[in-house]
Amino acid sequence: MFINYQPHGVCARQMLIQVEDGVVQDLQVVGGCHGNLQGISSLVRGMKVDEVIRRLSGIHCGTKPTSCPDQLAQALSQAAAEPAQ
């Protein structure tokens, strides 16, 4: 499954996520803090979706109520809640 997510409240403009059999295969982020997001992409690659959601949900960026990791968790949560096509 490919997820094309437009984050809200953060610097990143787009997240392209590939998930197969409940595991994140790839993550590409457009915009945001390039080095940090490359690190996050590398860390979540091969991780189960439920684990990514558990670890990244609720993380804040400075005074913002969300962050790029939190937005990734929200994207995965939304995709998991959608009926399979």
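Everything numeric here is computed off the predicted structure, so don't read it as measured data.

A.B. asks: It is not clear to me how the pairing of strand 3 (residues 23-31) should be interpreted in this structure. Could you clarify?
C.D. replies: Within a regular strand, the side chains alternate between the two sheet faces. Where strand 2 (residues 12-20) lies against strand 3, 8 bridges are found, and the strand directions are antiparallel. Residue pairing for strand 3: V19 is matched across the bridge by V24. Where strand 2 folds back on strand 3, the antiparallel hairpin that results is connected by 2 residues, among which D21 adopts a positive phi of roughly 50°.

A.B. asks: Teacher, can you tell me more about the UniProt feature "domain: TSCPD" (unreviewed entry) in the chain here?
C.D. replies: Under the local residue numbering, the UniProt record ascribes the feature "domain: TSCPD" (unreviewed entry) to residues 5-79. Helix makes up 41% of residues 5-79 and strand 25%, whereas the separation of the span's terminal C-alpha atoms amounts to 10 Å.

A.B. asks: Just checking my understanding: could you explain the pairing of strand 2 for this structure?
C.D. replies: Strand direction decides the pairing type here: strand 1 (residues 2-5) and strand 2, joined by 4 bridges, are antiparallel. By the bridge assignment, F2 is partnered in strand 2 with Q18. The hairpin formed by strand 1 and strand 2 contains 6 residues between the paired strands, and G9 there has a positive phi angle of roughly 80°.

A.B. asks: I'm lost on unusual backbone geometry in this one. Help?
C.D. replies: The phi torsion of most residues other than glycine is negative, and most of the peptide bonds are trans. Of note, D21 is a non-glycine position whose phi angle comes to about 50°, a positive value. By the secondary structure assignment, D21 is in the loop between strand 2 and strand 3. Judged by its relative accessible area of 81%, D21 falls in the exposed class.

A.B. asks: In this structure, what is going on with the layout of surface pockets? I would like to understand it.
C.D. replies: To find the voids left in a structure, one rolls a probe of water-molecule size over its atoms. In this model, the second largest pocket occupies a volume close to 180 Å³. Looking at the second largest pocket, the residues that line it are V10, C11, G32, C33, N36, L37, I40, C61, K64, S67, C68 and P69. Ranked by residues supplied to the lining of the second largest pocket, first place goes to helix 1 (residues 34-44) with 3 residues. Considered class by class, the residues forming the lining of the second largest pocket number 8 nonpolar, 3 polar and 1 charged.

A.B. asks: Would you take a moment to explain the nonpolar core for this structure?
C.D. replies: Across soluble globular proteins, nonpolar side chains have a tendency to be buried as a group. In terms of nonpolar packing, the biggest core is built from 24 residues, with M15, I17, L27, V44, V52, L72 and L76 touching the most fellow members. Elements that contribute at least two residues to this core include exactly strand 1, strand 2, strand 3, helix 1, helix 2 (49-56) and helix 3 (68-81). Looking at this core element by element, the count peaks at 6 residues for helix 3. Setting aside chain neighbours within four positions, we find I17 in contact with M1, F2, I3, V24, D26, L27, L72, A75 and L76.

Cut-offs and rules
Residues numbered from 1 in each chain as written. Predicted model: local features only at pLDDT ≥ 70, side-chain atom pairs only at ≥ 80, totals over all residues. Heavy atoms only, no water. Pairing = 2+ DSSP bridges. Helix = DSSP H or I, 4+ residues; strand = E, 2+ residues; numbered from the N terminus. UniProt positions renumbered as here; feature names shortened; annotations may be inferred. Buried < 20%, exposed > 50% of the residue type's maximum accessible area, 1.4 Å probe, protein only. 1 Å grid on protein atoms, 1.4 Å probe; cavity = no way out; pocket = protein on both sides within 12 Å on 5 of 7 lines; lining within 4 Å. Points joined across faces, edges and corners; volume = space filled by probe spheres on them. Nonpolar A, V, L, I, M, F, W, Y, C, P; charged D, E, K, R; others polar. Core = buried A, V, L, I, M, F, W, Y, C linked by side-chain atoms within 4.5 Å. Contact = heavy atoms within 4.5 Å.

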